[in-house]
Amino acid sequence: MALDDTATAAGVRGISLLNNTGATTAFTGAMALSTTTNPAFTATGGGTVAASGAVTRTLATTTGIALNVVNTPIGAAGLTFTSVSSNGASSGIVLNNTGVAAGLSVTGAAPTPNSGGSILNSTGAGISLTTTYIPSFTYMLIQNSGGSGVQGTDVNGFSFTRGAIINSGTGLAVGSSNIAFNTTTTGTERNLSGTVSILNNTLSNAYYHGVDIFNYSGTIDNLTISNNVITSSTAQASSNGSG
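A brief report on the enclosed structure follows.

Parameters and conventions
- Residues numbered from 1 in each chain as written.
- Predicted model: local features only at pLDDT ≥ 70, side-chain atom pairs only at ≥ 80, totals over all residues.
- Heavy atoms only, no water.
- Helix = DSSP H or I, 4+ residues; strand = E, 2+ residues; numbered from the N terminus.
- Rg over C-alpha atoms; globule rule 2.2 N^0.38 Å.
- Buried < 20%, exposed > 50% of the residue type's maximum accessible area, 1.4 Å probe, protein only.
- Contact = heavy atoms within 4.5 Å.
- Areas by Shrake-Rupley, 256 points an atom, 1.4 Å probe, with all protein chains shown as cover.
- Polar contact = N/O pair within 3.5 Å; in protein donor to acceptor, adjacent residues only side chain to side chain.
- Salt bridge = Lys/Arg side-chain N within 4 Å of Asp/Glu carboxyl O.
- Core = buried A, V, L, I, M, F, W, Y, C linked by side-chain atoms within 4.5 Å.
- Pairing = 2+ DSSP bridges.
- Phe/Tyr/Trp six-rings, centres within 6.5 Å; stacked < 30°, edge-to-face > 60°.

Focus on the overall build of the protein
Looking only at helices and strands, one finds zero helices and 25 strands in the protein. Taking 18 Å as the expected radius of gyration for a compact globule of 243 residues, we find that the protein reaches 17 Å, a close match to that expectation. Seen through its C-alpha atoms, the protein measures out along the principal axes to roughly 50 × 35 × 30 Å. A buried classification covers 49% of the 243 residues belonging to the protein. Partitioning the intrachain contacts of the protein with sequence separation of at least 6 by distance along the chain shows that 73% fall at a separation of at least 24. Carbon and sulfur atoms make up 51% of the accessible area of the protein, which totals about 9,800 Å².

Following this line, the structure appears as structure tokens:
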């Protein structure tokens with residue numbers, strides 16, 4: 001099923017794709033979803049989902065998860081949004097078991113800072129990534145997250161560019177960092193592999209580290225961490241790590 005109409009919702013329920021095993025849902029039109037306490041875009045019912053084309057797509061919530069894709073493969077055309085925002089959600093973006101055909105891209109609108117969206121005051125990780133492929137985030141702000149700004153495990157490829165992640169780990173959990181691929185629960189984790197790019201960002205005031213990557217297995221083929229401003233609080237009560 002291909003959907004090429006403009007989708008607009010304000011203060012109501014957004015797009016929810018459930019019980020779609022065997023189906024393909026592809027969005028090619030513009031999208032502007034502002035759903036406050038309700039999730040904006042949810043795909044948790046199997047099948048395949050994609051959103052492509054040179055159009056503007058925005059997702060915004062308060063305490064609802066803005067983008068939630070779980071146990072649903074992203075189609076070969078990819079899943080592309082201009083901006084994704086939330087304020088007070090458990091996480092602003094959740095990807096879990098999304099296949100290996102393509103990934104999520106949040107593009108922003110160059111060269112405007114924060115035009116990729118603002119994920120604020122999350123009670124958990126601002127962005128949660130599990131078993132997902134080449135997620136890319138540009139011009140995003142993640143601020144005051146209870147957990148890490150970005151938390152990932154079993155992620156193949158990752159890009160975070162021209163963004164800002166500030167005050168991560170307000171819940172004071174061990175290992176909470178601005179960008180964290182550091183799960184050590186089983187002692188066998190491949191938290192991050194493939195091509196990794198972390199460029200031109202401000203990463204500040206994490207409870208632990210600016211960037212924390214820890215693997216027991218797997219290979220990072222190409223790692224570029226460059227032109228970032230990484231700072232840490234000097235107060236032990238709010239910082240146990242380093243840049």
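Here we look at the environment of Ala101
Residue placement: Ala101 occurs in the loop between strand 12 (93–96) and strand 13 (104–106). Spatially, the C-alpha atoms of Ala101 and Phe181 are 22 Å apart, while their sequence positions differ by 80 residues. Not counting chain neighbours up to four residues away, the residues in contact with Ala101 comprise Ile74, Gly75, Ala76 and Tyr133.

Looking at the side chain of Ser148
Here Ser148 lies in the loop between strand 17 (141–145) and strand 18 (150–161). Judged by its relative accessible area of 3%, Ser148 is buried. One polar contact links the side chain of Ser148 to the main-chain amide nitrogen of Ser177, over a distance of 2.9 Å. Those residues in contact with Ser148, other than ones at most four positions away along the chain, are Gly124, Ala125, Gly126, Ser168, Gly175, Ser176, Ser177, Asn178 and Ala180.

Details of the pattern of salt bridges
Applying the stated criterion to the full structure yields one salt bridge. Here Asp154 ties to Arg190 by a salt bridge, and the two come within 2.9 Å at their closest N and O atoms. Taken together, the positions of Asp154 in strand 18 and Arg190 in the loop between strand 20 (179–181) and strand 21 (192–199) put the pair 36 residues apart, joining distant regions of the chain. Overall, the relative accessible area of 25% leaves Asp154 in the partly exposed class.

Considering unusual backbone geometry
The omega torsion of the bond from Ala110 to Pro111 falls at 0 degrees, within 30 degrees of zero and hence cis. On the secondary structure map, Pro111 appears in the loop between strand 13 and strand 14 (118–120). The backbone phi angle of Asn97 is positive, close to 65 degrees, even though this residue is not glycine. Within the fold, Asn97 resides in the loop between strand 12 and strand 13. The phi torsion at Asp154 lies on the positive side, around 55 degrees, for a residue other than glycine.

Examining the nonpolar core
Ranked by size, the top nonpolar core spans 40 residues in total, and within it Phe41, Leu59, Ile93, Phe137 and Phe158 carry the most contacts. Per-element accounting of this core gives the leading share, four residues, to strand 18. Among all residues touching Phe158, those that are not within four sequence positions of it are Leu129, Pro135, Phe137, Val150, Ile179, Phe181, Leu192, Thr195, Val196, Ser197 and Ile198.

As for the pairing of strand 10 (residues 74–81)
Sheet topology places strand 7 (residues 48–51) next to strand 10; two bridges connect them, and they run parallel. Each bridged residue has a counterpart across the sheet, and for Val49 the counterpart in strand 10 is Ile74. Sheet topology note: the strand 10/strand 13 ladder contains three bridges and is parallel. Note on strand 13: the bridge partner recorded for Leu79 is Leu104.

Quick look at the packing of aromatic side chains
In total, this model carries seven aromatic pairs according to the counting rule given. Taking 6.2 Å as the distance between ring centres and 50 degrees as the angle between the ring planes, the aromatic pair formed by Phe137 and Phe158 counts as tilted. With a gap of 21 residues between them, Phe137 in strand 16 (residues 136–138) and Phe158 in strand 18 connect regions that are remote in the sequence. The exposure class of Phe137 is buried, given its relative accessible area of 0%. With relative accessibility at 3%, the residue Phe158 sits in the buried group. For the ring pair Phe137 and Phe160, a centre distance of 6.3 Å and an interplane angle of 40 degrees mean the geometry is tilted. Of the two residues, Phe137 sits in strand 16 while Phe160 sits in strand 18, which places them 23 residues apart along the sequence. Aromatic rings pair up to connect Phe137, Phe158, Phe160 and Phe181 into one cluster.

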